[in-house]
Amino acid sequence: MTNKVVVLGSLNVDTTLHVEEMPKPGETITAKSKTNSAGGKGANQAIASVRSGATTSFIGQVGNDQAGQLMIKTLKDNNVNTDHINIVDDEGTGSAVILLNEVGQNSIMVYGGANQSMTIDCVNQADELLKDTDFVIAQFETPQEVTLEVFKKAKAAGAVTILNPAPAAKIIPEILSVTDLIIPNETESATLTGIEVLDENTMSLNAKKFKEMGASNLIITVGDRGAFFSTDEEEGFVPAFKVKAVDTTAAGDTFIGALTSQLNKDLSNIKDALIYAQKASSITVQGLGALPSIPTKEQIMNNINE
Ligand code: RIB
């Protein structure tokens, strides 16, 4: 079975500055080196999905500039359908500056640009695409009004909607009523539910709260510890694979794209899909940069038992 996946999301060019330690407020520091790569939560999730074998299409927006051309070319070269990426003149392509320290931790600053000027009009051309997909994924780096519109259309057509509420922000409550599976990290989950994530018990309370708010299924990612899941059928915790991280950028995005590529629409294989997704992100954190470090299905399967 090959899943059909649509990603609505952000396209950023990432500049990573490699530093010994993060700067303190008011301090000027010197970076040891600098790299540029394609990124953006949306693009990373789409690449993770397509590299794991799903037929993947993108809905997004870039500026009429070199960065926009680079992002479209990168997705096309990876066999992502880019027919629904809009190009605008009045905003530049999104960008991110990432500070990466010597133990692989990062701080990310994003300038939304064209991602944030998307409107509902941008997605009106995507009706046919949304009628013929299994899953639709969105994050919080594009306007929530657009996500709401796309999720409504996708659900009406029988697709499963997956929301990654990153970066943490307040949500338009109606979005949760058209979300089938929400995948926050612990901070994002606590921001939306008001319940701190400390252990499996508080994760379960977060799941209960999300159900009350309208989202029926939940996965909370907790970095190198693993992921908690809660569906109508079952609840549990899948531990992460232990590896030495050099760059955690796009680890969460890899997890989401890889998971979606393997999931059954009724979520009946969620545990197996979670193990696959954890393996995928454990490979991503061992390479530098967002998009370049996202593994293929072959790489993941070759490592799955290690
Ligand atoms: O999740 C990592 C991504 O967040 C980076 O690629 C950056 O562009 C920001 O969107």
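Predicted, not measured: the structure shown is a model, and the values here were computed from it. (Residues numbered from 1 in each chain as written. Predicted model: local features only at pLDDT ≥ 70, side-chain atom pairs only at ≥ 80, totals over all residues. Heavy atoms only, no water.)

1. Description of the site of the ligand
Now for step 1: Taken together, Asn12, Asp14, Gly39, Gly40, Lys41, Asn44, Ala96, Val110, Glu141, Ala250, Asp253 and Ala290 make up the full set of residues near the ligand.
Now for step 2: At a separation of 2.6 Å, an oxygen atom of the ligand approaches a polar side-chain atom of aspartate 14.
Now for step 3: Between an oxygen atom of the ligand and a side-chain N or O atom of asparagine 44, the distance comes to 3.1 Å.
Now for step 4: Burial of the ligand by the protein chains amounts to 96% of its free accessible area of 280 Å².
Now for step 5: At the level of elements, strand 2 (12-18) and helix 1 (41-51) are the ones that each hand at least two residues to the shell around the ligand.
Now for step 6: Counted by class, the shell around the ligand contains four nonpolar, four polar and four charged residues. (Near = heavy atom within 4 Å. Polar contact = N/O pair within 3.5 Å; in protein donor to acceptor, adjacent residues only side chain to side chain. Areas by Shrake-Rupley, 256 points an atom, 1.4 Å probe, with all protein chains shown as cover. Helix = DSSP H or I, 4+ residues; strand = E, 2+ residues; numbered from the N terminus. Nonpolar A, V, L, I, M, F, W, Y, C, P; charged D, E, K, R; others polar.)

2. Some points on the packing of aromatic side chains
Now for step 1: In this structure the tally under the stated criterion is zero aromatic pairs.
Now for step 2: Over the aromatic face of phenylalanine 241 sits the side chain of lysine 279, whose NZ or CZ is 4.1 Å from the ring centroid. (Phe/Tyr/Trp six-rings, centres within 6.5 Å; stacked < 30°, edge-to-face > 60°. Lys NZ or Arg CZ within 6 Å of the ring centre and 35° of its normal.)

3. With respect to the sheet that holds strand 7 (residues 106-111)
Now for step 1: What the four strands build is an open sheet, ordered 3-2-6-7; its pairing is mixed. What marks the edges here is a single partner per strand, and that holds for strand 3 (33-39) and strand 7. On average, adjacent strands in this sheet sit at an angle of 20 degrees to one another, irrespective of strand direction.
Now for step 2: Here six bridges tie strand 6 (residues 94-100) to strand 7, and the two strands are oriented antiparallel to one another. Following the sheet pairing, valine 97 is matched in strand 7 by methionine 109.
Now for step 3: Its contacts with the sheet put helix 2 (residues 66-77) on strand 2 and strand 3, and the angle it makes with strand 2 is roughly 100 degrees. (Pairing = 2+ DSSP bridges. Axes fitted to C-alpha atoms, helices over the stretch in contact; angles between N-to-C directions. Contact = heavy atoms within 4.5 Å.)

4. Some details on the nonpolar core
Soluble, globular proteins show a tendency: their nonpolar side chains are buried together.
Now for step 1: The biggest cluster of nonpolar side chains holds 39 residues, and the ones touching the most others in it are Ile219, Leu259 and Leu274.
Now for step 2: The biggest single contributor to this core is helix 1, with five residues.
Now for step 3: Beyond its immediate chain neighbours, meaning those up to four positions away, isoleucine 219 contacts Leu181, Ile182, Ile183, Pro184, Ala227, Phe228, Phe229, Phe255, Leu259, Ile270 and Leu274.
Now for step 4: Residues Ile59, Ala138, Ala154 and Leu176 belong to the second largest nonpolar core, which totals 34 residues. (Core = buried A, V, L, I, M, F, W, Y, C linked by side-chain atoms within 4.5 Å. Buried < 20%, exposed > 50% of the residue type's maximum accessible area, 1.4 Å probe, protein only.)

5. Section: the sheet that holds strand 5 (residues 81-88)
Now for step 1: Pairing is mixed in the open sheet, where nine strands are placed in the order 5-4-1-8-9-10-11-12-13. Lying at the two open borders of the sheet, with one neighbouring strand each, are strand 5 and strand 13 (235-239).
Now for step 2: As judged from the two bridges shared by strand 9 (residues 160-163) and strand 10 (residues 181-182), these two strands associate in the parallel manner. Residue pairing in the sheet places isoleucine 162 in a bridge with leucine 181 of strand 10.
Now for step 3: Along the sheet, helix 2 contacts strand 4 (55-63) and strand 5; its crossing angle with strand 5, the most-contacted strand, is approximately 175 degrees.

6. What to know about the pattern of salt bridges
Now for step 1: Across all of its chains, the model carries ten salt bridges by this definition.
Now for step 2: Close ionic contact of glutamate 102 with lysine 32 constitutes a salt bridge, the shortest N to O distance being 2.7 Å. Here the residue glutamate 102 occupies a position in the loop between strand 6 and strand 7, and lysine 32 occupies one in the loop between strand 2 and strand 3, the gap between them amounting to 70 residues.
Now for step 3: Notably, a salt bridge pairs lysine 73 with aspartate 77, separated by 2.7 Å at the nearest N-O pair. Of this pair, lysine 73 and aspartate 77 both sit in helix 2, four residues apart, which is roughly one turn of that helix.
Now for step 4: One connected set of salt bridges, linked through shared partners, spans Asp127, Glu149 and Lys153. (Salt bridge = Lys/Arg side-chain N within 4 Å of Asp/Glu carboxyl O.)

7. Here's the deal with helix 8 (residues 200-213)
Now for step 1: Relative to the 20 Å expected for 14 residues at 1.5 Å per residue, helix 8 spans 20 Å between its end C-alpha atoms, a close match to the ideal helical length.
Now for step 2: Those residues of helix 8 not exposed but buried are Thr202, Met203, Asn206, Ala207 and Phe210. The arc that holds every buried residue of helix 8, seen down its axis, measures 155 degrees, which confines them to one face. Opposite its buried face, helix 8 presents the exposed residues Asn201, Lys208 and Glu212, each directed more than 90 degrees away.
Now for step 3: Residues of helix 8 that are buried sit in contact with strand 10, helix 7 (186-193), strand 11 (217-221), strand 12 (226-230) and strand 13.
Now for step 4: Looking one or two residues past helix 8, glycine 214 carries a phi angle of roughly 120 degrees, positive in sign. (Expected span 1.5 Å × (residues − 1). Arc of directions from axis to C-beta.)

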